[in-house]
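So you can see what is in the structure, the chains are spelled out below.
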Amino acid sequence: MGPQRPAAVPGHFVAGDVVRVQSYQCDDQEGPYMRWIPGSRSNPGSAAGTAPGKGPASGAAAAGGVRPLAQVGAQVAAKHPKLPVALFRLEPEVALQPLRLKLASALAEASVSTSFTLGGPGRVQAVLDGQLPAQAVLVVVTTSDDGAQDRLMDLVEWLLANGRQQLAEHLVFAPVGQRRQLAGSFAFAHVPLGAQVLEHASGGTPLRRRAAAAGIDQLRDAVLDQALGLE
């Protein structure tokens with residue numbers, strides 16, 4: 001049997017003006033961190049070195065969790081003049097370039113400059129090509145099907161075994177397609193996206209473009225939340 005993973009309470013991110021910080025539920029009293037990752041005392045969404053439950057993100061969650069997007073963006077920009085974001089696909093047919101453009105634009109609205117890497121599905125090659133840096137907010141993109149969660153956990157185990165623990169600690173899971181219920185406990189930010197997010201900005205109907213924009217806003221908020229705890 002593998003290590004026990006804490007159950008996660010799905011975070012609620014409000015698109016547009018405000019950000020609601022993702023919260024995590026643990027079975028101990030030491031605050032919301034990914035305890036099942038070996039040696040980790042990282043608190044997703046809070047500054048390193050801060051007592052669990054006392055960082056800027058967890059403090060906001062305790063106070064209701066809603067803060068102006070500009071405030072969160074300013075915090076992230078002050079810490080990361082160029083926020084590293086790694087987009088990693090688990091299938092070769094997943095188109096990352098449209099997603100990168102939309103996410104970069106959404107983060108720019110929060111005054112956050114970004115440095116993107118795009119990689120996958122080959123893990124070793126991605127590391128060799130610098131597409132899986134040692135430290136970044138990792139957005140894992142995959143087709144939403146019955147095997148999506150298993151593919152994600154296979155990647156996480158590989159990251160932990162190959163010196164990429166920081167990526168596993170600051171990960172956003174973004175399955176694309178039909179929404180599916182997550183099985184069991186889940187310790188990561190989870191932002192299900194419609195297939196329209198992988199279309200180019202000029203493609204699709206106005207309704208599909210609006211739906212894509214709403215999904216990108218939620219993804220942006222999840223990335224910002226993870227960035228607050230990234231060194």
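Located above this text is the structure these notes cover.
Each chain has its residues counted from 1, running along the sequence as written. Where local features are concerned, this predicted model is filtered to residues with pLDDT of at least 70; where side-chain atom pairs are given and counted, the filter is 80 or more; whole-chain, interface and lining totals use all residues. Excluding hydrogens and water, the side-chain figures rest on all heavy atoms present in the structure.

Caption draft 1: View of the overall build of the protein. Here a strand is any run of E in DSSP of at least two residues, a helix any run of H or I of at least four, and the numbering for each starts at the N terminus. A tally of regular secondary structure across the protein gives seven helices and seven strands. Reading the helices (α) and strands (β) of the protein from amino to carboxyl end gives β-α-β-α-β-α-β-α-β-α-α-β-β-α. Going through the 231 residues of the protein one by one, you find that 46% of them count as buried. Sequence-distant contacts, at least 24 apart, represent 69% of the contacts inside the protein between residues at least 6 apart. If you sum the accessible surface of the protein, you get close to 10400 Å²; carbon and sulfur atoms cover 53% of it. Relative accessible area decides the class of each residue, using a 1.4 Å probe on protein chains only: under 20% of the type maximum gives buried, over 50% gives exposed, and in between gives partly exposed. Residues count as neighbours in contact if any of their non-hydrogen atoms are within 4.5 Å of one another. Only the protein chains shown count as cover for residues, and the accessible areas themselves come from Shrake-Rupley with a 1.4 Å probe.

Caption draft 2: Fine view of the nonpolar core. By nonpolar core we mean a set of buried residues, namely Ala, Val, Leu, Ile, Met, Phe, Trp, Tyr and Cys, connected to one another through side-chain atoms within 4.5 Å. Core analysis: the biggest nonpolar cluster contains 36 residues, and Leu83, Val139 and Leu219 have the highest contact counts within it. It is helix α7 (residues 206-227) that provides the largest number of residues to this core, a total of seven residues. Sequence-distant contacts of Leu219, defined by excluding residues within four places in its chain, comprise Leu99, Leu103, Val139, Val172, Ala174, Val191 and Leu193. Ala86, Leu167, Leu171 and Phe186 belong to the second-largest nonpolar core, a separate cluster that totals 21 residues.

Caption draft 3: Just the environment of Val76, in detail. Among the secondary structure elements, Val76 is positioned in helix α2 (residues 69-79). According to the relative accessible area criterion, Val76 is buried, its value standing at 1%. Residues Val76 and Val112 lie 36 residues apart in sequence; the distance between their C-alpha atoms is 7.0 Å. Beyond its immediate stretch of four places on either side in the chain, Val76 contacts Leu83, Val112, Leu224, Ala227 and Leu228.

Caption draft 4: Up close: the pattern of salt bridges. Whenever Lys or Arg places a side-chain nitrogen within 4 Å of a carboxyl oxygen from Asp or Glu, that contact is recorded as a salt bridge. Enumeration according to the criterion identifies seven salt bridges in this entry. As a salt-bridge pair, Lys79 and Glu231 come within 3.8 Å of each other at their nearest N and O atoms. Here the residue Lys79 occupies a position in helix α2, and Glu231 occupies one in the segment after α7, the gap between them amounting to 152 residues. Notably, a salt bridge pairs Asp154 with Arg123, separated by 2.4 Å at the nearest N-O pair. In this pair, Asp154 sits in helix α5 (residues 148-161) while Arg123 sits in helix α4 (residues 123-128), placing the two residues 31 residues apart along the sequence. Look at the salt bridges and you will find they share partners, linking Glu109, Asp217, Arg220 and Asp221 into a network.

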